[in-house]
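# Architecture at a glance
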Amino acid sequence: MSKLRPIKPGPISAKPLSLLLNDVFAEAYAKHGFAARELVTRWAQIAGPEIAAHAEPLKMQWPRPVEGQPQEPATLVLRVEGPMALEIQHSADVILQRVNRFFGWSAVGKLAFRQAPLSRARRPTRPSPPDAKSVAEVAESLGDIEDEQLKSALARLGAAIKRN
């Protein structure tokens, strides 16, 4: 009678998802003229938080190379929220300097703007808790509730509803 040995699983060789999808992302960014995806993924660091809150890179348009001529700089197309388009347009020189500093050469020569809502979803801001005075006022109006935790929770809820 032979002894059966339990089979132990080998080491897990899981690869990060970013490595597996690298080629897929590279193709998608290349279709929009981005040689490197860092311009999109690190946009807030490159452009600054004030500009990145209202504009995002949409694509880069490279002019066709002319044989014997140096490569012309690209046009960076930015998607800009409607109300901020004029303000972002006035910041065009600053944006160009920051983008070209990121690339290390004059890769972008001009900007073009497309007014549209930004593609990223904004995180909803969490409302602040109601102030203690309004919670106390609501708590007084609750009457006789024996459970103090329940009474406190109802008072906070009532104060928040009154505030809104």
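The coordinates are above.
Analysis parameters
- Residue numbers run consecutively from 1 along every chain, following the written order of its sequence.
- Where local features are concerned, this predicted model is filtered to residues with pLDDT of at least 70; where side-chain atom pairs are given and counted, the filter is 80 or more; whole-chain, interface and lining totals use all residues.
- Note: side-chain values were computed over all heavy atoms of the structure, leaving out hydrogens and water.
- The helix count covers DSSP runs of H or I at least four residues long, the strand count covers runs of E at least two residues long, and both are numbered beginning at the N terminus.
- Residues enter patches when they are more than 30% accessible in relative terms and free of salt bridges; like-charged ones are connected within 9 Å and nonpolar ones (Val, Leu, Ile, Met, Phe, Trp, Tyr) within 5 Å.
- Every accessible area reported is derived by Shrake-Rupley at a probe size of 1.4 Å, with residue values counting cover from the shown protein chains alone.
- Between Lys or Arg on one side and Asp or Glu on the other, a salt bridge is scored when a side-chain nitrogen of the former is within 4 Å of a carboxyl oxygen of the latter.
- By convention a nonpolar core is built from buried Ala, Val, Leu, Ile, Met, Phe, Trp, Tyr and Cys residues, the set being connected through side-chain atoms within 4.5 Å.
- Burial status follows relative accessibility: with a 1.4 Å probe on protein chains alone, a residue under 20% of its type maximum counts as buried, one over 50% as exposed, and anything between as partly exposed.
- Here, two residues are considered to be in contact whenever any of their heavy atoms come within 4.5 Å of each other.
- Pairing of aromatic rings covers Phe, Tyr and Trp, the last through its six-membered ring, and needs centres within 6.5 Å; plane angles under 30 degrees mean stacked, over 60 mean edge-to-face, and all others mean tilted.
- We treat two strands as partners when DSSP finds at least two bridges between them.
- His residues and chain termini do not enter the charge count, which takes Lys and Arg as positive and Asp and Glu as negative.
- Positions of charges follow a simple convention, taking NZ of Lys, CZ of Arg, CG of Asp or CD of Glu.

### Thoughts on the environment of Asp93
In this fold, Asp93 is placed in helix H7 (residues 92–103). For the pair Asp93 and Lys110, spaced 17 residues apart in the sequence, the C-alpha separation amounts to 8.7 Å.

### A look at a nonpolar patch on the surface
There is a patch of nonpolar side chains on the surface, built from Leu150, Leu154, Leu157 and Ile161 and spanning about 370 Å² of accessible area. Within the secondary structure, Leu157 is located in helix H9 (residues 148–163).

### Focus: the nonpolar core
Counting residues in hydrophobic clusters, the biggest one holds 21 residues, and the most contacted among them are Trp43, Leu76, Ile95, Val99, Val108 and Leu111. Of all the secondary-structure elements, those providing two or more residues to this core are helix H4 (43–47), helix H5 (49–52), strand E1 (55–61), strand E2 (74–80), helix H6 (85–90), H7 and strand E3 (108–115). Once you skip the residues sitting within four places of it in the chain, Trp43 turns out to touch Glu38, Gly48, Ile51, Ala52, Ala55, Glu56, Pro57, Leu76, Leu78, Ile95 and Val99.

### A look at the packing of aromatic side chains
In the structure shown here, the tally under the stated rule is two aromatic pairs. Both rings, one in Trp62 and one in Trp105, keep their centres 6.3 Å apart while their planes meet at 20 degrees; by these two values the pair is stacked. Here Trp62, found in the loop between E1 and E2, pairs with Trp105, found in the loop between H7 and E3; they are 43 residues apart in sequence, far enough to count as distant.

### Considering the pairing of E2
The element E2 is extensively covered by neighbouring structure, given that seven of its seven residues are classed as buried. Looking at chain direction, E1 and E2 are connected through six bridges and run antiparallel. For Gln61, the partnering residue across the bridge sits in E2 and is Thr75. Note: E2 against E3, seven bridges, orientation parallel. Within E3, the residue paired with Val80 across the bridge is Gln115.

### Overview of a negative patch on the surface
Together, Asp144, Glu146, Asp147 and Glu148 line one region of the surface with negative charge. When you line up the elements, Glu148 lands in helix H9. With relative accessibility at 56%, the residue Glu148 sits in the exposed group.

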